[in-house]
Amino acid sequence: MSQYEAFSAEPLMLTLCLEENSILVSKAILEALDTPKQVQMLINDERRTLLLKACTVNNREAVIIPQSSFGQFEMSGQALLKRIRKLTGWADNLPRVVYGEYVPQHKVIVFDLMLARPVELGMSLDGETTRPS
C-alpha cells in the first residue's frame, strides 16, 4: 500500500505551463507512486487522458526525478504539451491544472485532459513557479 492510499488528503495535481513548456508534478503524485526515481507519461488520444506511472530508467521516455526535489518537481515537456494542446484544442497558452485519479490495481494516476482548467500561477521570491493560487 502506498503512502497515498493510506493518507489521501492532498489532490493529485499536475500543472501544465504551456508558455514555459513545463509540467509541474505535485508532491501528492510522487507520494501516490511511492516516491519513484523515474516516471513515465503516456497519452491516450482516444480518451484524451494522460497516464502517469513509476517506471525504470530503461522505459521509453522515462523522466528522471532529481534527488534534490523536495516535494514537487518541474520537468520540461515541449513535445508532450504540444501534443496535449492539439488533442484538447486549447487555443491559448494559459497554464492549466488537472487533477488525477489514482488507480491502485495498476499503480497509475489518470488525468482527464478535458477537465484541465486555466489557473493563475504564483511566483516565489527566487522567480520559480509555485503551486497554482
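Residues numbered from 1 in each chain as written. Predicted model: local features only at pLDDT ≥ 70, side-chain atom pairs only at ≥ 80, totals over all residues. Heavy atoms only, no water.

Q: Would you mind going over the nonpolar core in detail, with residue names and values included?
A: Membership of the largest hydrophobic core comes to 31 residues, with the highest contact counts inside it found for Leu-14, Ile-23, Val-25, Ile-29 and Met-41. Other than its neighbours up to four places away in sequence, Ile-29 contacts Leu-12, Met-13, Leu-14, Leu-52, Ile-109 and Phe-111. (Core = buried A, V, L, I, M, F, W, Y, C linked by side-chain atoms within 4.5 Å. Buried < 20%, exposed > 50% of the residue type's maximum accessible area, 1.4 Å probe, protein only. Contact = heavy atoms within 4.5 Å.)

Q: Quick rundown of the packing of aromatic side chains? Include the residues and the values.
A: According to the stated counting rule, one finds 0 aromatic pairs in the structure shown. Seen from the ring of Trp-90, Arg-96 lies directly overhead, with NZ or CZ sitting 4.3 Å from the centre. (Phe/Tyr/Trp six-rings, centres within 6.5 Å; stacked < 30°, edge-to-face > 60°. Lys NZ or Arg CZ within 6 Å of the ring centre and 35° of its normal.)

Q: Tell me about the pairing of strand E8 (residues 108–112), residues and numbers included.
A: In this sheet, E8 lies alongside strand E4 (residues 49–54) in antiparallel orientation, the contact comprising 5 bridges. Across the sheet, Thr-49 pairs through a bridge with Asp-112, a residue of E8. Where strand E7 (residues 96–103) lies against E8, 4 bridges are found, and the strand directions are antiparallel. For Val-103, the partnering residue across the bridge sits in E8 and is Val-108. Counting the residues between successive antiparallel strands, the hairpin from E7 to E8 contains 4 residues, one of them, Lys-107, with a positive phi of roughly 55 degrees. (Pairing = 2+ DSSP bridges. Helix = DSSP H or I, 4+ residues; strand = E, 2+ residues; numbered from the N terminus.)

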